[in-house]
Amino acid sequence: MSDVMVLAIVSVVVTGIGAPGITAFSGRIEARRSHRLAIQKECRDALDFAAEQLARSQRATAYCMSLWSRGIMDGDDEAKEYLKRRNQANESARTAYGRLCVRFGPAAPVARHYDDAIECMRRLTDVLRGYRAGDTYDAWEHQAGAESAELTAAGDRFLNAAKKAVSAQG
């Protein structure tokens, strides 16, 4: 067989069979990569949303506590507004927990630590409810400080677990 004939056969085989196979293979690899990146983005978005809601709740609660410690109670417009913001942030935090469970599973460290933080928020809310109902300031201040410290620690544990989750996906 001549070189021209071999070259013609090789070019037909490569362009007719090899090129489409290579194109299909690279397309599958790109589709898998895009899917993996989309899942990673959704996970990061869920973690960011959860961290944001936890921070919003803590800021609004701290501001409410500041107002209450100065005797500005729920009848005041500013106190009403911040109490409303705190309640909305707490509800958003519960929503964020659901998103974490969907993306990572309820047994994942990020979901467990976030659930712990939500439980700390609930206990802090109970303490604050007691003060607003007439408990003494000294008893309230001590309990609220202890629960706030526990909430901060739970939030830090969540953030550390979130960092590990993001780097594990990397």
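In this text, all values refer to a predicted model and were calculated from it rather than measured experimentally.

1. Structural notes on the overall build of the protein
- Secondary structure summary: the protein contains four helices and zero strands in total.
- Its helices and strands taken in sequence order, the protein reads α-α-α-α from the N to the C terminus.
- Buried positions account for 29% of the 170 residues belonging to the protein.
- A separation threshold of at least 6 residues defines the contact pool for the protein, and within that pool the share at least 24 residues apart is 73%.
- On the protein, roughly 10,300 Å² of surface is accessible, and the fraction owed to carbon and sulfur atoms is 58%.

2. Brief notes about helix H2 (residues 77-104)
- An ideal rise of 1.5 Å per residue puts 40 Å on 28 residues; H2 measures up with 40 Å between its terminal C-alpha atoms.
- Taken as a whole, H2 has its buried residues at Ala79, Leu83, Arg86, Ala89, Asn90, Ser92, Ala93, Ala96, Leu100 and Cys101.
- Measuring from the side-chain oxygen of the N-cap residue of H2 to the backbone nitrogen of Glu78 gives 2.9 Å; that N-cap residue is Asp76.
- Positioned one or two residues after H2, Gly105 has a phi angle of 95 degrees, which is positive.

3. Topic: the pattern of salt bridges
- Within this structure, the stated rule accounts for eight salt bridges.
- Of the charged contacts, one joins Asp45 and Lys41 as a salt bridge, the two residues approaching to 2.8 Å between their closest N and O atoms. Taken together, the residues Asp45 and Lys41, both in helix H1 (residues 3-69) and four residues apart, mark about one turn of the helix.
- A relative accessible area of 32% places Asp45 in the partly exposed class.

4. A short note on the environment of Ser69
- Tracing the chain through its elements places Ser69 in helix H1.
- Judged by its relative accessible area of 33%, Ser69 falls in the partly exposed class.

5. Overview of the packing of aromatic side chains
- Taken as a whole, this structure holds two aromatic pairs when the rule is applied.
- Note on Tyr63 and Tyr82: the rings are 4.2 Å apart at their centroids and 40 degrees apart in plane angle, and the pair reads as tilted. With Tyr63 in helix H1 and Tyr82 in helix H2, the pair connects residues that are 19 residues apart, well separated along the chain.
- Measuring from centroid to centroid gives 4.8 Å for Tyr114 and Phe158, while their planes differ by 65 degrees, and the two rings are edge-to-face.

6. Digging into the packing of H2 against helix H3 (residues 109-132)
- Their axes nearest at 9 Å, the elements H2 and H3 cross at an angle of 160 degrees. Taken as axis vectors, H2 and H3 run roughly antiparallel relative to one another. In this structure, the crossing between H2 and H3 has a hand that is left-handed. Every residue of H3 that contacts H2 at Leu83, Arg86, Asn90, Ala93, Arg94, Ala96, Tyr97, Leu100, Cys101 and Phe104 is listed here: Val110, Ala111, Tyr114, Asp115, Ile118, Met121, Thr125, Leu128 and Arg132.
- When its residues are assigned to classes, the contact of H2 with H3 shows 13 nonpolar, two polar and four charged.

7. Observations concerning empty space enclosed by the protein
- Going through the model one piece at a time under the given rule, you end up with one cavity of 30 Å³ or more.
- Taken as a whole, the largest cavity holds about 30 Å³ of empty space.
- Residue lining of the largest cavity: Ser57, Thr61, Arg86, Asn90, Met121, Leu124, Thr125, Leu128 and Leu151, and that is the complete set.
- In terms of residues, the lining of the largest cavity owes the most to one element, H3, which gives four residues.
- Classifying every residue of the lining of the largest cavity gives four nonpolar, four polar and one charged.

8. Some remarks on the environment of Phe49
- With respect to the element layout, Phe49 can be found in helix H1.
- Sequence spacing of Phe49 and Leu100 is 51 residues, and the spatial spacing of their C-alpha atoms is 9.5 Å.
- Discounting chain neighbours no more than four positions away, the residues touching Phe49 are Ser92, Ala96 and Arg99.

Calculation criteria
Residues numbered from 1 in each chain as written. Predicted model: local features only at pLDDT ≥ 70, side-chain atom pairs only at ≥ 80, totals over all residues. Heavy atoms only, no water. Helix = DSSP H or I, 4+ residues; strand = E, 2+ residues; numbered from the N terminus. Buried < 20%, exposed > 50% of the residue type's maximum accessible area, 1.4 Å probe, protein only. Contact = heavy atoms within 4.5 Å. Areas by Shrake-Rupley, 256 points an atom, 1.4 Å probe, with all protein chains shown as cover. Expected span 1.5 Å × (residues − 1). Polar contact = N/O pair within 3.5 Å; in protein donor to acceptor, adjacent residues only side chain to side chain. Salt bridge = Lys/Arg side-chain N within 4 Å of Asp/Glu carboxyl O. Phe/Tyr/Trp six-rings, centres within 6.5 Å; stacked < 30°, edge-to-face > 60°. Axes fitted to C-alpha atoms, helices over the stretch in contact; angles between N-to-C directions. Parallel < 35°, antiparallel > 145°, perpendicular 65-115°, else oblique. Left-handed = near helix turned anticlockwise from the far one by under 90°. Nonpolar A, V, L, I, M, F, W, Y, C, P; charged D, E, K, R; others polar. 1 Å grid on protein atoms, 1.4 Å probe; cavity = no way out; pocket = protein on both sides within 12 Å on 5 of 7 lines; lining within 4 Å. Points joined across faces, edges and corners; volume = space filled by probe spheres on them.

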